[in-house]
Amino acid sequence: MKLFLKALTALMLLTASAFECSAAGKCCKLPAGFAWGADLGGAIDLTGNDMSALAIEARFGYRRGIVDFVGIGAGIDMVVNNSNRIFPVYAALQTNFSTRPSLCFLDARIGCAFANLADNQNQTALFASPGLGVNLAKGKTFSSYLILSYQYIGLKDYHDSETIHNLNGIHMAAVRLGISF
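What you see is a predicted model; the values in this text were computed from it and never measured.

Undergrad: How would you sum up the overall build of the protein? Please name residues and give values.
TA: The helix and strand tally for the protein stands at one helix and 10 strands. Listing every helix and strand of the protein by position from the N terminus yields α-β-β-β-β-β-β-β-β-β-β. Only carbon and sulfur atoms are counted for the fraction: they give 68% of the accessible area of the protein, which is about 9900 Å².

Undergrad: Would you mind going over the pairing of strand E5 (residues 104-117) in detail, with residue names and values included?
TA: The pairing of strand E4 (residues 85-95) with E5 spans 11 bridges and is antiparallel. From the neighbouring strand, Gln94 faces E5, where its bridge partner is Asp107. Both E5 and strand E6 (residues 121-138) contribute to a ladder of 14 bridges, which runs antiparallel. Of the residues in E6, the one forming a bridge with Cys112 is Leu126. Linking two consecutive strands that pair antiparallel, namely E5 and E6, is a turn of three residues; a positive phi of about 55° is found at Asp119 within it.

Undergrad: Give me the packing of aromatic side chains: which residues, what numbers.
TA: A full pass over the atoms with the stated rule returns three aromatic pairs. Relative to Phe181, the ring of Trp36 lies with its centre 4.6 Å away and its plane at 25°, an arrangement referred to as stacked. With Trp36 in strand E1 (residues 33-45) and Phe181 in the segment after strand E10 (170-180), this pair connects stretches of sequence that are 145 residues apart. Classification of Phe181 as partly exposed rests on a relative accessible area of 31%. Sitting above the plane of the Phe69 ring, Arg59 keeps its charged end 4.3 Å from the centroid.

Undergrad: How would you summarise the environment of Ile110 if you had to cite specific residues and measurements?
TA: Position of Ile110 among the secondary structure elements: in strand E5. With 18 residues separating them in the primary sequence, Ile110 and Ala128 have C-alpha atoms 4.4 Å apart. Residue contacts for Ile110: discarding those within four places in its chain leaves Tyr90, Ala91, Leu126, Phe127 and Ala128.

Undergrad: I'd like to hear about the sheet that holds strand E2 (residues 53-64), residue by residue, with values.
TA: Here we have eight strands rolled up into a closed barrel, ordered E1-E2-E3-E4-E5-E6-E7-E10, and antiparallel in their pairing. In this sheet, adjacent strand axes meet at a mean angle of 25° when their direction is disregarded. With 11 bridges connecting them, strand E7 (residues 143-153) and E10 associate as antiparallel partners. For Ile147, the partnering residue across the bridge sits in E10 and is Arg176.

Undergrad: Which residues make up the pattern of salt bridges, and what values do they have?
TA: In total, this model carries five salt bridges according to the counting rule given. Across the pair Glu57 and Arg109 runs a salt bridge whose closest N-O atoms are separated by 2.5 Å. With Glu57 in strand E2 and Arg109 in strand E5, this pair connects stretches of sequence that are 52 residues apart. Arg109 carries the same exposure label as Glu57, and that label is buried. Across the pair Arg176 and Asp107 runs a salt bridge whose closest N-O atoms are separated by 4.0 Å. Of the two residues, Arg176 sits in strand E10 while Asp107 sits in strand E5, which places them 69 residues apart along the sequence. Across this residue pair, the class does not change: Arg176 and Asp107 are buried. Counted as one network, the salt bridges with shared partners bring together Asp39, Glu57, Asp107, Arg109 and Arg176.

Undergrad: How would you sum up the nonpolar core? Please name residues and give values.
TA: Residues Met51, Ile86, Leu117, Ile153, Leu155, Ile170 and Met172 are the most contacted members of the largest nonpolar core, which totals 22 residues. Of all the elements in the fold, those that place two or more residues in this core are E1, strand E3 (67-79), E4, E5, E6 and E10.

Reading guide: rules and limits
Residues numbered from 1 in each chain as written. Predicted model: local features only at pLDDT ≥ 70, side-chain atom pairs only at ≥ 80, totals over all residues. Heavy atoms only, no water. Helix = DSSP H or I, 4+ residues; strand = E, 2+ residues; numbered from the N terminus. Areas by Shrake-Rupley, 256 points an atom, 1.4 Å probe, with all protein chains shown as cover. Pairing = 2+ DSSP bridges. Phe/Tyr/Trp six-rings, centres within 6.5 Å; stacked < 30°, edge-to-face > 60°. Buried < 20%, exposed > 50% of the residue type's maximum accessible area, 1.4 Å probe, protein only. Lys NZ or Arg CZ within 6 Å of the ring centre and 35° of its normal. Contact = heavy atoms within 4.5 Å. Axes fitted to C-alpha atoms, helices over the stretch in contact; angles between N-to-C directions. Salt bridge = Lys/Arg side-chain N within 4 Å of Asp/Glu carboxyl O. Core = buried A, V, L, I, M, F, W, Y, C linked by side-chain atoms within 4.5 Å.

Okay, structure coming up:
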């Protein structure tokens, strides 16, 4: 409980600093050129297939003008309740549709997911993740953000040694905390 309260306090302080910075007009967009970042998050399976996961992602790309980030990324989704692993590889876009700094932005990711399922079964499926983000803090060389998104992973049905898993695609609600340089 103490860890949760500390994390909540830190999140509130970061959000307050972002609002203060935006109100004062001191924030500027990060410089154009090479961009990279990392995200840490989790996703809750909305389909009831026991595929809720923790995720670590990295991305590399470019930023300029109204595009806060365009590039490629990859991640590891570690399913919490079983040994399934999903490795999404995607093209990513982040934009606030303005050349001025903004509190909110659009995040879109699309690509494929390589899934290692039970009993050494593998699948390759569509990965799509549209979301909305909020900038928490910005400096001259970094920005931190929180993204709430929907995730679709087009996994098909499979069976292991004990049961048949009727997946028909996984629909998830995800939250990501990230930093971009």
